Amino acid sequence: MKEYSDFNSPETPEQENLTKQILDKIERPRGWRPSEGLETNLEDNTPEEFAETHRAVTPKGSFVQGTPHLSDGTEETKSYFEKQLVSQVLDYVRKAVSKGEKVTFLAESDPRWTDEQLEKGSYGEKDENDEQFQMARKLKDEFGDKIEVKFWDEYGGEPGSKVDKENVRKETGISVLLVRTGLVIDMAGQGEDLEGLRKDGDLTPEIEDYIEKDHGVRLQEKKFLSKEDRLKLYYMAFPKDVGEGHPEPSPDTPYSAITTYFNYVRDRNLLEKIRRIEDAGGIAVVTPGASHAWELKGVLELA
């Protein structure tokens, strides 16, 4: 598979050129600031400091509060979710609803649950580790029809659509096979359900074989990865982050560039969704992953 040939190494001119080709197509909005990983680690900040530096309120009143993902499995994240995120979001929405605001919660997700599953309180295995679902549940439990739940990753406002590999492929000009592999590394590294990736056609036997052969992580016949394997893929997708087993940032590669571009498209979509909600006279409430909130804080406050 020549196309993959050691794409986790940034050392060859071929790899450097492809990484640059992808990243050079990104046009950051005014107010954007980079995240080099250190700022988004909860363990390096008090919960209060973390919340403050990952919070933004737009001039029209939309509220964004960043969070680590519960799927990381740490007690620090669980405590932050329960003691900081939930109380701050609920307090903000209570005030907004009391003033007659029309509130929409934008879950950081493609459409992975139905209204019926949200009402039931479950959509499948490990949904207790999905802070977006749990936040949506708490908002619906308290506010009912006074709050609408939508999905940030529904692309272009089309029900059931999502930001995916095709957006990245069209805009960067790289092959769908390479894009798909990069996004599998990204999503598997963040604890995604591997069976879901297979069902969507993203995780193919060819990609499973490549990742095992070249990177030592076996995905075949697994639903979720072990923590060790998950972190190995995570730092391939997010080399600027630091943490367990990865004490220093490392250079970008084509795979991390694909992840960066994918998240750039997602951020662009989020900003457009917030704008549309505000133009219609409402406000958005969003609880994105920490790096999204950090990077977009200045953009949102200028909006």
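Residues numbered from 1 in each chain as written. Predicted model: local features only at pLDDT ≥ 70, side-chain atom pairs only at ≥ 80, totals over all residues. Heavy atoms only, no water.

Enquirer: So, the sheet that holds strand β1 (residues 55-57): which residues are in play, and what are the values?
Expert: Sheet architecture is open: five strands sit in the order β1-β2-β5-β3-β4, paired in mixed fashion. Only two strands of the sheet have a single neighbouring strand rather than two, namely β1 and β4 (147-151). Ignoring strand direction, the axes of neighbouring strands in this sheet form an average angle of 20 degrees. Lying on the sheet, helix α5 (residues 131-143) is in contact with β3 (103-107) and β4; it crosses β3 at an angle near 160 degrees. (Pairing = 2+ DSSP bridges. Helix = DSSP H or I, 4+ residues; strand = E, 2+ residues; numbered from the N terminus. Axes fitted to C-alpha atoms, helices over the stretch in contact; angles between N-to-C directions. Contact = heavy atoms within 4.5 Å.)

Enquirer: With reference to specific residues and values, describe unusual backbone geometry.
Expert: Here Glu 221, not a glycine, exhibits a phi torsion of approximately 65 degrees, which is positive. Along the chain, Glu 221 turns up in the loop between α9 (205-215) and α10 (227-237).

Enquirer: Account for the packing of helix α3 (residues 75-98) against α5, with residues named and values stated.
Expert: Running from N to C, α3 and α5 cross one another at 40 degrees; their axes reach a closest spacing of 11 Å. By the angle between their axes, α3 is oblique relative to α5. In terms of crossing hand, the pair formed by α3 and α5 is right-handed. Of the residues in α5, those touching α3 at Phe 81, Leu 85, Val 86, Val 89, Leu 90, Val 93, Arg 94 and Val 97 are Glu 131, Gln 134, Met 135, Lys 138, Leu 139, Glu 142 and Phe 143. Each residue belonging to the contact of α3 with α5 can be placed in one class, and the counts come to ten nonpolar, one polar and four charged. (Parallel < 35°, antiparallel > 145°, perpendicular 65-115°, else oblique. Left-handed = near helix turned anticlockwise from the far one by under 90°. Nonpolar A, V, L, I, M, F, W, Y, C, P; charged D, E, K, R; others polar.)

Enquirer: Would you mind going over a negative patch on the surface in detail, with residue names and values included?
Expert: On the surface, Glu 43, Asp 44, Glu 75, Glu 76 and Glu 82 cluster together into a negatively charged patch. With respect to the secondary-structure elements, Glu 76 resides in helix α3. (Patch = residues over 30% accessible without salt bridge, like charges linked within 9 Å, V, L, I, M, F, W, Y side chains within 5 Å. Areas by Shrake-Rupley, 256 points an atom, 1.4 Å probe, with all protein chains shown as cover. Salt bridge = Lys/Arg side-chain N within 4 Å of Asp/Glu carboxyl O. Lys, Arg positive; Asp, Glu negative; His and termini not counted. Charge placed at Lys NZ, Arg CZ, Asp CG, Glu CD.)

Enquirer: Kindly report on the side chain of Arg 180, identifying the contributing residues and their values.
Expert: Relative to the helices and strands, Arg 180 resides in helix α7 (residues 176-189). Those residues within four positions of Arg 180 in sequence are excluded, and the remaining contacts are Lys 165, Gly 201, Asp 202, Thr 204 and Ile 207.

Enquirer: Now, about the pattern of salt bridges: what can you tell me, with residues and values included?
Expert: Within the structure shown, the criterion is met by 24 salt bridges. Asp 229 is paired through a salt bridge with Lys 222; the nearest N and O atoms lie 3.8 Å apart. Of the residues examined, Asp 229 reaches a relative accessible area of 15% and is grouped as buried. A residue is classified by how much of its surface remains accessible, and Lys 222, at 27% relative accessible area, is partly exposed. Residues Asp 279 and Arg 275 are paired through a salt bridge, measuring 2.5 Å at the closest nitrogen-oxygen approach. (Buried < 20%, exposed > 50% of the residue type's maximum accessible area, 1.4 Å probe, protein only.)

Enquirer: I'd love a proper account of the pairing of β4, names of residues and values included.
Expert: Burial along β4 is one-sided: Ile 147, Val 149 and Phe 151 are buried, and none of Glu 148 and Lys 150, which face the opposite way, are. The pairing of β3 with β4 spans five bridges and is parallel. Looking at β4, one finds that Phe 105 is bridged to Val 149.

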